[in-house]
Amino acid sequence: MKTAIATVSISGTLTEKLDAIAEAGFDGIEIFEQDFVTDTGSARDVGNRIRDKGLEVSLFQPFRDFEGLPEPYRTKAFDRAERKFDLMQDLGTDLILVCSSLHPRALGGIDRAADDLRALGERAAARGLRIGYEALAWGRYVNDHRDAWEIVRRADHPNVGLIVDSFHTLGRGLDPETIRRIPGDKIFFVQMADAPKIDMDLLYWSRHFRNMPGEGDLPVTDFMRAVLAAGYTGPVSLEIFNDQFRGGSPRTIARDGYRSLITLLDDVRRAEPEIDVQLPPIPARQDVQGTAFVEFATRGTEAETLKSQLTALGFAETGRHLAKAVTLWQQGDIRIVLNEEQGDFAGTAYNTHGTSICDIGLTVSDAGDTVARAAALGAKRFSQNPAVGQLEIPAIRGLGGSLLHLLDHRHADVWKTEFGAGTEGPEGAGLRRIDHIAQTMTYDEMLSWSLFYGSLFKMHKAPMVDVIDPDGLVRSQALGTEDGAFRITLNGAETHRTLAGSFLAQSFGAPVQHLALSSDDIFASAAKLTAAGFEALPIPDNYYDDLASRFDIAPDILAAMKRHQILYDADDHGTFFQMYGRPVVSGFFFEIIQRDGYRGYGAPNAPFRIAAQKRLGRTRGMPAD
Ligand SMILES: O=C(O)c1ccc(O)c(O)c1
Ligand SMILES: [Mg+2]
């Protein structure tokens, strides 16, 4: 299947767009007229530049306000079309998108529109060109793909076909199944876009909020299935109007687009195996069985500070790497690796971000398959010469320079081989496993990250929540496996004044701001932590008074919570306790939780936690942001 993307989807100059689109792996582009007009090259020159990048011009668009016009507008519209036909021939494309009219003088009537399109098809045929007709969701008379198809059917011309666009169909809540009945060879082109469910004017929603398939809430897989089941075999193209993307990095957006499109086609093939999706086979989304390890890049006094915090948390150093300045710290099923090497990936991460989590190891069903899927979706494999005794564990680059190692049953002995340690650590303070990893990023990067995880692993996206920081808003999106074995929260900062934003600014974009470790008995763990010198984040008494008014909590439990600075929340599935450590190094901190069926992350407590962290920063004489 050929892939394409509309130039309007990407930021930058036409040259920057083309470079990014070609590099991401697309076969073609839909050239937006504006992108051509703003360029200084002639149509022939632009066409050649596109082909020099290995791309084809799959479509020229848009041609507006054509059908249903009375004279003299009608003749003018045909003249205008002839000029665009000249342009298309110079650019080297045979297909033009005609979108349904918004012209104030346009008249309705399916036969009138069909007659106009047939006449245009006749003129196009004389030049070997084709016309694709698209219903805009806000078209004056035609705003439903079923009506557009009826017009195309009545136009009854081999050079006139239909263009379907998932946004216009799904955004209006139309059933995509109706597309299955259209003959595949009469669908000339397919445009894909998703969008978050927001109740707003269709035109505004479409022009500002579209996003990549899988990034929004529309049933794009059902749409794609219907189109391919109809027998469509042409290019599958992305047409994304999005304010964030207009200001984003061309390479990131193009790469996300390619990732989303291949994921979509693969999803269609898995949902409906009878459809012949012409795409090389790729391994399925993988199950994540848990976090095998997290690795910090650290050094010097920062390493000492981190080690004393780990000790206070009940961790023990259980092994030293055979050949490197790397130690393993364990407790229960949690493995934290401290990497003090100067060279290597960790050394570079330390030089960029200071002490930070530079690598995450995930246990998956098949590490090789995970890497193969990631590579097919455009991720880069990572390898670093293994030191003596070091196993070659498959790895890929995540976003923003991060690293993800993938382990399966073949790597069960890694802790023994490399560190002389067992898989399970000591009982310590009763912390059993990593509950979640909290990543911080700019708001603009959130969709990229959720697409990255969601396209690679079997994970569910929770609805986005707003976290109120005293100095701004942070948006938070959680992704997790069905059984909760792996959970991640993505926190998007819009300003550097929020705690998340200042962490990003100070660490030059370190990805992980905190790590949440779970206990089966947080009160017993808290007592051990306090005895070991762990200092919890102080929570004001007001919080506990308010809590008592909101929940029925037994007085002795409430008193223990107050003593240990433990916060509380509950949902329909169960209860949740959480306590926070103080910032350790570079703004990074630990969280301790107990989750009894609860599915969230304590979002209602976030404003109190953030205010307490900021207060602590001020009393220490550190800037609050
Ligand atoms: O918003 C628009 O005008 C517009 C133009 C062309 C398209 O293909 C489309 O889906 C929307
Ligand atoms: Mg469209």
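Residues numbered from 1 in each chain as written. Chains lettered and ligands numbered in written order. Predicted model: local features only at pLDDT ≥ 70, side-chain atom pairs only at ≥ 80, totals over all residues.

- Per an unreviewed UniProt entry, the chain goes by 3-dehydroshikimate dehydratase and derives from Pseudooceanicola nitratireducens.
- Its UniProt record, at the heading Sequence similarities (unreviewed entry), says of the chain: "Belongs to the bacterial two-domain DSD family."
- According to the UniProt record, the Function (unreviewed entry) comment for the chain is "Catalyzes the conversion of 3-dehydroshikimate to protocatechuate (3,4-dihydroxybenzoate), a common intermediate of quinate and shikimate degradation pathways." (UniProt positions renumbered as here; feature names shortened; annotations may be inferred.)

Quick notes on the site of ligand 1
In step 1: Within the structure, ligand 1 sits among Gln-61, Pro-62, Leu-97, Cys-99, Glu-134, Leu-136, Asp-165, Gln-191, Ser-206, Arg-207 and Glu-239.
In step 2: Elements supplying a minimum of two residues to the shell around ligand 1: β3 (56-63), β4 (95-99) and α8 (202-209).
In step 3: For the shell around ligand 1, the per-class residue count stands at four nonpolar, three polar and four charged. (Near = placed C-beta within 6 Å. Helix = DSSP H or I, 4+ residues; strand = E, 2+ residues; numbered from the N terminus. Nonpolar A, V, L, I, M, F, W, Y, C, P; charged D, E, K, R; others polar.)

As for the sheet that holds strand β12 (residues 334-339)
In step 1: Taken together, eight strands build an open sheet; the order of strands is β10-β11-β12-β9-β13-β16-β15-β14 and the sheet is mixed. The open sheet is flanked by β10 (316-320) and β14 (381-382), the only strands paired with a single partner.
In step 2: The pairing of strand β15 (residues 395-397) with strand β16 (residues 403-407) spans three bridges and is classified as antiparallel. Paired with Ile-396 across the strands is Leu-404, a residue of β16.
In step 3: Strand contacts of helix α13 (residues 344-353): β9 (288-297), β12, β13 (356-364) and β16, with the helix running at about 135° to β13, the strand carrying the most contacts. (Pairing = 2+ DSSP bridges. Contact = placed C-beta atoms within 7 Å. Axes fitted to C-alpha atoms, helices over the stretch in contact; angles between N-to-C directions.)

A word on the domain arrangement of the chain
In step 1: Per the domain assignment, the segments of the chain are domain 1 (3-271), domain 2 (285-428) and domain 3 (431-625).
In step 2: Taken over C-alpha atoms, the centre of domain 1 sits 45 Å from the centre of domain 2. (Domains from an automatic or database assignment.)

Focus: α8
In step 1: Among the residues of α8, those classed as buried are Trp-205, Ser-206 and Phe-209. Here the buried residues of α8 occupy an arc of 115° about the axis, which is enough to place them on one side. Facing away from the buried side of α8 by over 90 degrees, the exposed positions are Leu-203 and Tyr-204.
In step 2: On the buried face of α8, the contacting elements are α7 (166-170). (Buried ≥ 20, exposed ≤ 12 C-beta atoms within 10 Å, placed from the backbone. Arc of directions from axis to C-beta.)

Concerning unusual backbone geometry
In step 1: Residue Pro-62 is bonded to the preceding Gln-61 through a cis peptide linkage, with omega at -10°.
In step 2: As for its placement among the helices and strands, Pro-62 is situated in strand β3.
In step 3: With omega at 5°, the peptide bond leading from Glu-71 into Pro-72 counts as cis.
In step 4: Within the secondary structure, Pro-72 sits in the loop between β3 and α4 (73-91).
In step 5: Phi at Asp-156 takes a positive value of approximately 50°, unusual for a residue other than glycine.
In step 6: Relative to the elements of secondary structure, Asp-156 occurs in the loop between α6 (145-155) and β6 (160-165).
In step 7: Here the phi dihedral of Asp-344 falls at roughly 65°; this positive angle occurs in a residue that is not glycine.
In step 8: As for its position among the elements, Asp-344 is in helix α13.
In step 9: According to the C-beta neighbour criterion, Asp-344 is partly exposed, with 18 such atoms within 10 Å.

Here we look at helix α14 (residues 367-376)
In step 1: The complete set of buried residues in α14 reads Ala-367, Thr-370, Val-371, Arg-373 and Ala-374. An end-on view of α14 places all buried positions within 160° of arc, on one side of the element.

A word on the UniProt feature "binding site: a divalent metal cation" (unreviewed entry) in the chain
In step 1: Under the local residue numbering, the UniProt record ascribes the feature "binding site: a divalent metal cation" (unreviewed entry) to Glu-134, Asp-165, Gln-191 and Glu-239. Of the residues just listed, which span 106 residues, no C-alpha pair is farther apart than 12.9 Å, and they cluster in one region.
In step 2: Position of Gln-191 among the secondary structure elements: in strand β7 (residues 187-192).
In step 3: Leaving out residues up to four positions away in the same chain, Gln-191 has contacts with Ile-163, Asp-165, Ser-166, Ser-237 and Glu-239.
In step 4: Note on placement: Glu-239 falls in the loop between β8 (236-238) and α10 (243-246).
In step 5: Take Glu-239: there are 28 C-beta atoms within 10 Å of it, and that puts it in the buried class.

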